[in-house]
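Below are the chains, spelled out letter by letter.
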There are 2 protein chains.
Amino acid sequence: MTQTSDIRVAVSTVILTLRASAEEEPVLALPLVRRTREPFADRWALPGGWLTHTESPVDAAARTLGETTGLAPSYLEQLYAFGAVDRSPTRVVSLVYWALLRQDDVVAQSAAHLASGRAPENVQWFDIDALPPLAFDHAKIIEYALWRLRNKVGYSRVAHGFLPAEFTLADLREAYEAILGKHLDPANFRRQVESTGNLLPTDRFRTGSHRPARLYRYNTDVELADRGPLGSEETSTR
Amino acid sequence: MTQTSDIRVAVSTVILTLRASAEEEPVLALPLVRRTREPFADRWALPGGWLTHTESPVDAAARTLGETTGLAPSYLEQLYAFGAVDRSPTRVVSLVYWALLRQDDVVAQSAAHLASGRAPENVQWFDIDALPPLAFDHAKIIEYALWRLRNKVGYSRVAHGFLPAEFTLADLREAYEAILGKHLDPANFRRQVESTGNLLPTDRFRTGSHRPARLYRYNTDVELADRGPLGSEETSTR
């Protein structure tokens, strides 16, 4: 079995906030760090660094974020592990964490960091619609973070993976019941799934020992939330 | 900066299916592989192996899954990267992928693998409520996969991270609008969020240049979906 000692592990963080813009409508913004060494010297990058032998990935992410920006979110969520073969000149798997921070916390934590005298000068906040050229695959990482954020809004279609192309509402409810480990009220369930717009009724029915039940299919105009914008390199081609 | 060449990267897969039980109600099940070497020889483990220098993590996950089980899901989603310092006798970060497979696909792919003569004898499917003792932190990984599955059902509260403890529906809508990059109809938005049960009205109002707007807070009886069951070791303590 091939050893992997030539693959290194790094951590990065995507910190998103909503800040007031000139037009008074809030816009998304995030902090970047200007690199001081090769590769990608002078390019902007996400805050981050190497995972060390004695710390967990999330601790390494919190440490490197704090050292550069002074930010200390109460919780860092793991966003994704980026490991494409060609994402860096050497082979690096990057474990990326993210957090949403309220603007008032950003202001307070940044001010405290500046006052401490330990703040590096190469940190800057950018609106997400005005990002500079970025090091490594960090533009893709930010794009992915924004996609995840957008997809957190809305109704998931997780049971789709268990079901054939056409299914009854009872099939769907049973799948959810197995997932949730509890019974669901059929009338409430029907109302909820019908209100999402994710299901399309067909003109076919399942017949059998019970009264005929209408078959439904998923609305394929709604993109599957879990596939994401990463493209083929992050997707199995098997 | 500390080098990380003493940290190795592995991949594992969690494949979930719904299969009919004796009681006719479907139950969740997944395939495990009995280990043939130390550490944890003879224990059951998730299908997996080492990430090699020339393949992406998802390709390594698909390869090792196919070699052991013959399963070839059309899509493997990244579940999580597990990297706790003490999760293995040596330092190993495991990138875990998962997929939901329909039972008929499981049957067809397993049969083809058996017919090929390449199928190892140490693979077995287990109902998730009757798992054997597992190697490494694989019991925790499966628990996490089930948690993710359950939390895919329901309405997310992602905007919570941007907002103070109490906020108006207009605040909330503006946060969503910034996230989604589009305008939302206020009346529809109000109906949708009120129907989720995630928001509780307070008896306080924001006053100002417009007519008074009621303040809301999140219903803290509803657990924050993104924190998960991983406990303190995966959570920043900063």
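Worth saying up front: this structure is predicted, and the values here are computed from it rather than measured.

(A) Up close: the pattern of salt bridges. The full count for this structure, using the stated rule, is 14 salt bridges over all chains. D137 of chain B serves as the salt-bridge partner of R87 of chain B, at 2.8 Å between the closest nitrogen and oxygen. Within this pair, whereas R87 of chain B is found in the loop between β5 (77-82) and β6 (92-101), its partner D137 of chain B is found in the loop between β7 (123-127) and α3 (138-151), the two being separated by 50 residues in sequence. The exposure classification of R87 of chain B matches that of D137 of chain B, with both residues buried. For R204 of chain B, the salt bridge goes to D203 of chain B, with nearest N and O atoms at 3.4 Å. Given a relative accessible area of 40%, R204 of chain B falls into the partly exposed group. Sharing partners across several salt bridges, the network here consists of E55, R63 and E67 of chain A.

(B) Region of the structure containing the nonpolar core. Judged by nonpolar contacts, the single largest core of 40 residues is most densely connected at I15, L76 and L95 of chain A together with I15, L76 and L95 of chain B. At the level of elements, β1 (8-20), α1 (57-69) and β6 (92-101) of chain A together with β1 (8-20), α1 (57-69) and β6 of chain B are the ones that each hand at least two residues to this core. Not counting residues up to four positions away in its chain, the partners in contact with L95 of chain A are V9, A10, V11, S12, P57, Y80 and A81 of chain A together with A81, V93 and L95 of chain B. Within the second largest apolar cluster, 24 residues are counted, among which are L46, V96, W147 and L149 of chain A.

(C) Examining the packing of aromatic side chains more closely. As enumerated under the stated definition, the model contains 14 aromatic pairs over all chains in all. Both rings, one in W44 of chain B and one in F126 of chain B, keep their centres 5.0 Å apart while their planes meet at 75 degrees; by these two values the pair is edge-to-face. Taken together, the residues span a long stretch of sequence, with W44 of chain B in strand β3 (residues 44-45) and F126 of chain B in strand β7 at a distance of 82 residues. Summarising the burial analysis for this pair, W44 of chain B and F126 of chain B share the class buried. By the ring-pair criterion, three or more aromatic residues cluster together here, those being Y80, F82, Y144 and W147 of chain A.

(D) Just the environment of L134 of chain B, in detail. Residue and element names in this part refer to chain B. Mapped onto the secondary structure, L134 falls in the loop between β7 and α3. Taking relative accessible area as the criterion, L134 reaches 9% and is therefore assigned buried. As a C-alpha pair, L134 and D42 span 92 residues in sequence and 9.6 Å in three-dimensional space.

Conventions used here
- Residues numbered from 1 in each chain as written.
- Chains lettered and ligands numbered in written order.
- Predicted model: local features only at pLDDT ≥ 70, side-chain atom pairs only at ≥ 80, totals over all residues.
- Heavy atoms only, no water.
- Salt bridge = Lys/Arg side-chain N within 4 Å of Asp/Glu carboxyl O.
- Helix = DSSP H or I, 4+ residues; strand = E, 2+ residues; numbered from the N terminus.
- Buried < 20%, exposed > 50% of the residue type's maximum accessible area, 1.4 Å probe, protein only.
- Core = buried A, V, L, I, M, F, W, Y, C linked by side-chain atoms within 4.5 Å.
- Contact = heavy atoms within 4.5 Å.
- Phe/Tyr/Trp six-rings, centres within 6.5 Å; stacked < 30°, edge-to-face > 60°.

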